[in-house]
2 protein chains.
Amino acid sequence: MSTVLFDLAGADPEVRFSPYCWRTRFALAHKGLPVRTVPWRFSDREAIAFSGQGRVPVIQDGETVVSDSWAIAEYLEEKAPTPTLFGGATGRAHALFVNAWADSVLLGGIARFIVRDLLDIIDHQDRDYFRSSREARFGQALEAVQAGREDRLAAFRESLLPVRLVLRRQNWLGGAAPSYADHIVAGTLMWPRCASRFALLEQADPVAQWFERVLDLYGGLGRQAKRA
Amino acid sequence: MSTVLFDLAGADPEVRFSPYCWRTRFALAHKGLPVRTVPWRFSDREAIAFSGQGRVPVIQDGETVVSDSWAIAEYLEEKAPTPTLFGGATGRAHALFVNAWADSVLLGGIARFIVRDLLDIIDHQDRDYFRSSREARFGQALEAVQAGREDRLAAFRESLLPVRLVLRRQNWLGGAAPSYADHIVAGTLMWPRCASRFALLEQADPVAQWFERVLDLYGGLGRQAKRA
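Residues numbered from 1 in each chain as written. Chains lettered and ligands numbered in written order. Predicted model: local features only at pLDDT ≥ 70, side-chain atom pairs only at ≥ 80, totals over all residues. Heavy atoms only, no water.

K.L.:
Just to check I follow, could you spell out the interface of chain B and chain A for this structure?
P.N.:
It is common to give the size of an interface as the accessible area that goes away when the parts come together. Contacts between chain B and chain A engage 29 residues on the former and 29 residues on the latter. Both sides of the chain B and chain A interface together cover about 2300 Å² of buried area, and 73% of this is carbon and sulfur. One can count six residue pairs in polar contact (both at pLDDT 80 or more) joining chain B with chain A. Where the side of chain B that touches chain A is concerned, the elements lending two or more residues are α2 (69–79), α3 (89–121) and α7 (161–167) of chain B. The leading source of residues in the side of chain B that touches chain A is α3(B), at 12 residues. Looking at the side of chain B that touches chain A residue by residue, the class counts come to 18 nonpolar, nine polar and two charged. (Contact = heavy atoms within 4.5 Å. Buried area = accessible area lost by both parts, 1.4 Å probe. Polar contact = N/O pair within 3.5 Å; in protein donor to acceptor, adjacent residues only side chain to side chain. Helix = DSSP H or I, 4+ residues; strand = E, 2+ residues; numbered from the N terminus. Nonpolar A, V, L, I, M, F, W, Y, C, P; charged D, E, K, R; others polar.)

K.L.:
Looking at this structure, I do not really get unusual backbone geometry. What am I missing?
P.N.:
Negative phi is the rule for most residues except glycine; trans is the rule for most peptide bonds. In this structure, the amide linkage connecting Val56(A) to the following residue, Pro57(A), adopts the cis form with an omega of 5°. On the secondary structure map, Pro57(A) appears in the loop between β2 (35–40) and β3 (58–61). Of note, the bond from Thr82(B) into Pro83(B) is cis; its omega dihedral lies within 30 degrees of zero at -10°. Locating Pro83(B) in the fold gives a position in the loop between α2 and α3.

K.L.:
Looking at this structure, how should I read the side chain of Arg134(A)?
P.N.:
All names here are of chain A. Along the chain, Arg134 falls in helix α4 (residues 127–138). With no salt bridge to any partner, buried Arg134 finds its closest opposite charge in Asp126, at an N-O distance of 9.3 Å. Among the polar contacts listed, one links the side chain of Arg134 to the side chain of Ser133, at a separation of 3.0 Å. When near neighbours in sequence (up to four residues on either side) are disregarded, Arg134 contacts Phe42, Val115, Tyr129 and Leu142. (Buried < 20%, exposed > 50% of the residue type's maximum accessible area, 1.4 Å probe, protein only. Lys, Arg positive; Asp, Glu negative; His and termini not counted. Salt bridge = Lys/Arg side-chain N within 4 Å of Asp/Glu carboxyl O.)

K.L.:
Would you mind going over the packing of aromatic side chains with me for this structure?
P.N.:
Two descriptors summarise a pair of aromatic rings, namely the distance from one centre to the other and the angle between the planes of the rings. Inspection of the entire model under this criterion finds 27 aromatic pairs over all chains. Where Phe113(B) meets Phe198(B), the ring centres are 5.9 Å apart and the plane angle is 20°; that geometry is what we call stacked. You can see Phe113(B) sitting in helix α3 and its partner Phe198(B) sitting in the loop between α8 (180–195) and α9 (206–224), a full 85 residues away along the chain. With respect to class, Phe113(B) is no different from Phe198(B); both count as buried. An aromatic cluster is present here, built from Trp40(A), Phe42(A), Tyr129(A) and Phe130(A) joined pairwise through their rings. Taking the ring centre of Phe113(A) as reference, the NZ or CZ of Arg152(A) above it sits at 4.9 Å. (Phe/Tyr/Trp six-rings, centres within 6.5 Å; stacked < 30°, edge-to-face > 60°. Lys NZ or Arg CZ within 6 Å of the ring centre and 35° of its normal.)

K.L.:
Please explain the sheet that holds strand β1 (residues 3–8) of chain A as it appears in this structure.
P.N.:
Backbone-to-backbone hydrogen bonds pair the strands of a sheet. The strands run either parallel or antiparallel. Residues and elements named next belong to chain A. As summarised here, the arrangement of the four strands in space is β2-β1-β3-β4, forming an open sheet in which the pairing is mixed. Because the sheet does not close on itself, it has two edges, and the strands there are β2 and β4 (64–67). In this sheet, adjacent strand axes meet at a mean angle of 20° when their direction is disregarded. Taken together, the four bridges between β3 and β4 define a ladder with antiparallel strand orientation. Within β4, the residue paired with Gln60 across the bridge is Val65. (Pairing = 2+ DSSP bridges. Axes fitted to C-alpha atoms, helices over the stretch in contact; angles between N-to-C directions.)

K.L.:
Is there a simple way to think about the sheet that holds strand β4 (residues 64–67) of chain B in this case?
P.N.:
All names here are of chain B. Overall, mixed pairing links the four strands, which are arranged β2-β1-β3-β4 in an open sheet. The sheet terminates laterally at β2 (35–40) and β4, the two strands that pair on one side only. Across the sheet, the mean angle separating the axes of adjacent strands is 20° when strand polarity is ignored. Lying on the sheet, helix α1 (residues 19–30) is in contact with β1 (3–8), β2 and β3 (58–61); it crosses β1 at an angle near 150°. Of the strands in this sheet, β3 and β4 touch α2, which is tilted by about 140° from β4.

K.L.:
Would you mind showing me how to read the packing of α3(B) against α8(B) here?
P.N.:
Any two packed helices are characterised by how steeply their axes cross, that is the angle between the axes, and by the distance between the axes. All names here are of chain B. At a minimum axis distance of 8 Å, the contact between α3 and α8 shows a crossing angle of 5°. With respect to their mutual orientation, α3 and α8 come out roughly parallel. Residue classes in the contact of α3 with α8 are distributed as 19 nonpolar, two polar and one charged. (Parallel < 35°, antiparallel > 145°, perpendicular 65-115°, else oblique.)

K.L.:
Just to check I follow, could you spell out the pairing of β1(B) for this structure?
P.N.:
Side-chain positions along a regular strand alternate between the two faces of the sheet. Residues and elements named next belong to chain B. Where burial is concerned, most of β1 is hidden: six out of the six residues are buried. Residues Thr3, Leu5 and Asp7 of β1 are buried on one face, and the alternating residues Val4, Phe6 and Leu8, pointing to the opposite face, are buried as well. In this region the chain leaves β1, passes through α1 and returns to the parallel neighbour β2; the handedness of that crossover is right-handed. Two strands pair when backbone bridges link them, and β1 and β3 are joined in this way by three bridges, in the antiparallel orientation. Of the residues in β3, the one forming a bridge with Val4 is Gln60. (Right-handed = clockwise from strand over helix to strand, strands pointing away.)

K.L.:
Explain the nonpolar core here, please?
P.N.:
Generally speaking, a soluble globular protein has its nonpolar side chains buried in company with each other. In this structure, Phe17(A), Trp210(A), Phe17(B) and Trp210(B) are the most contacted members of the largest nonpolar core, which totals 154 residues. If we skip the residues at most four places from it in the chain, Phe17(B) touches Leu8(B), Ala9(B), Gly10(B), Trp22(B), Leu118(B), Ile121(B), Ile122(B), Trp191(B), Cys194(B) and Ala195(B). (Core = buried A, V, L, I, M, F, W, Y, C linked by side-chain atoms within 4.5 Å.)

K.L.:
Please explain the pattern of salt bridges as it appears in this structure.
P.N.:
All names here are of chain B. Per the stated rule, a full pass over the model turns up 32 salt bridges over all chains. Glu143 is the partner of Arg116 in a salt bridge, and the nearest nitrogen-oxygen pair spans 2.7 Å. You can see Arg116 sitting in helix α3 and its partner Glu143 sitting in helix α5 (residues 142–146), a full 27 residues away along the chain. On the basis of relative accessible area, Glu143 is assigned to the partly exposed category, the value being 36%.

K.L.:
What am I meant to see in the relation of the copies chain B and chain A here?
P.N.:
Look at the two chain copies: a rotation about an axis and a shift along it is all it takes to match them. Mapping chain B onto chain A calls for a rotation angle of 180° and an axial translation of 0.0 Å; the resulting RMSD is 0.0 Å. The superposition operator between the copies reduces to a two-fold rotation axis. For chain B, the smallest separation between a C-alpha atom and the rotation axis is recorded for Gly91(B), amounting to 1.8 Å. An overlap of 100% is found between the interface residues of chain B and their copies at the interface of chain A, pointing to a shared contact surface. (Least-squares fit on C-alpha atoms with pLDDT ≥ 70 in both.)

K.L.:
Any chance you could explain the state of the cysteines here in plain terms?
P.N.:
Simply put, the disulfide is a covalent bond whose two ends are the sulfur atoms of two cysteines. Residues and elements named next belong to chain B. Following the criterion strictly, the structure yields zero disulfides over all chains and no others. The thiol of Cys194 is not disulfide-bonded; the next cysteine sulfur, from Cys21, is found 12 Å away. The exposure class assigned to Cys194 is buried, which follows from its relative accessible area of 0%. (Disulfide = S-S within 2.5 Å.)

Structure below.
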């Protein structure tokens, strides 16, 4: 029986762009677990009320319900230990640092490049909620947040230096093979890839080249994903 | 037989402040390996010429010579597998991200707060070399690099957010017990602790509280270290 994943979708239900849901998609694929995704919108609170909270990803695995991408990864690792996502308790603890960096530096950095673009691709019924909640967070109109993004590109690319330094020494953030650390960072990069046409990465950047390799994993799961 | 560690020292040979040597000190202590440290100055190139390069840390373990803090940690993990520094290959791969973040964001951030202070504590014979090499790197006089540091403190503390987020969920960067990830970040923080009186961390910050716990590890190795 497939795991069910409630997955953030745009106005086009095939466009899936949540950086957290993508971490879960990659983790499920890594485990070779079949998945049935259910397109979900910000306004569909009732559809996931059974999870006891209001955000995706949420997975339903038989009777088990898990929300939060990190908790889902831990659950999957326990349910299906191989191939491993974390490589043990210390590997999981260290991956939490990658997750924290991605949630703060990477996600926060990307948001300022695409948050206005997101408004164009999300479902019509989500737009008022999205604009008001995000403008409250940034303290600015979405147009102002995104303005001048070309000028901020060099600083953003510089912020990827830790990833770049790791990729000088190993092919994957997980070492010789992809791990959940790869899914965290690549899942986050699926967000701008699927939701915006703005090019954040330079093709010659080792980070971009690694991301291309991730796009080819699991039968090209990332590469085949519909882009807005 | 003790491992010999060539360890950067100040004008006072008991003041040891290299962020890389501290990673090695903590890693050796984690393994319970006895160490004999040799105070080393930037101008002592000949003293470590046997290592084939010009930087510390360098360790001599019988016939084996290893330089570079990361390579030393890998060597120690292979030589004495328990207690583990990395928790396996994936844990080591993930720790490399922490190392890359510490080498770029954390070290680069701290440098701008203490680089002029360093000049006051290093050996007299090192001062001309230190000033000219660091001023070339920053493109500014050391006094200018460090100027206005109080105003930059909030941004620096904000840059520690990934560490703070991890510590919300676990006591150590290594999870339930300290790992080399803790040594990387704490070793880097030993640099300002030992070389400068400028207070980088707020006492109430969970990062500061975790650092206090690291200072108590290994019989208080970090806490007992002489400060300039």
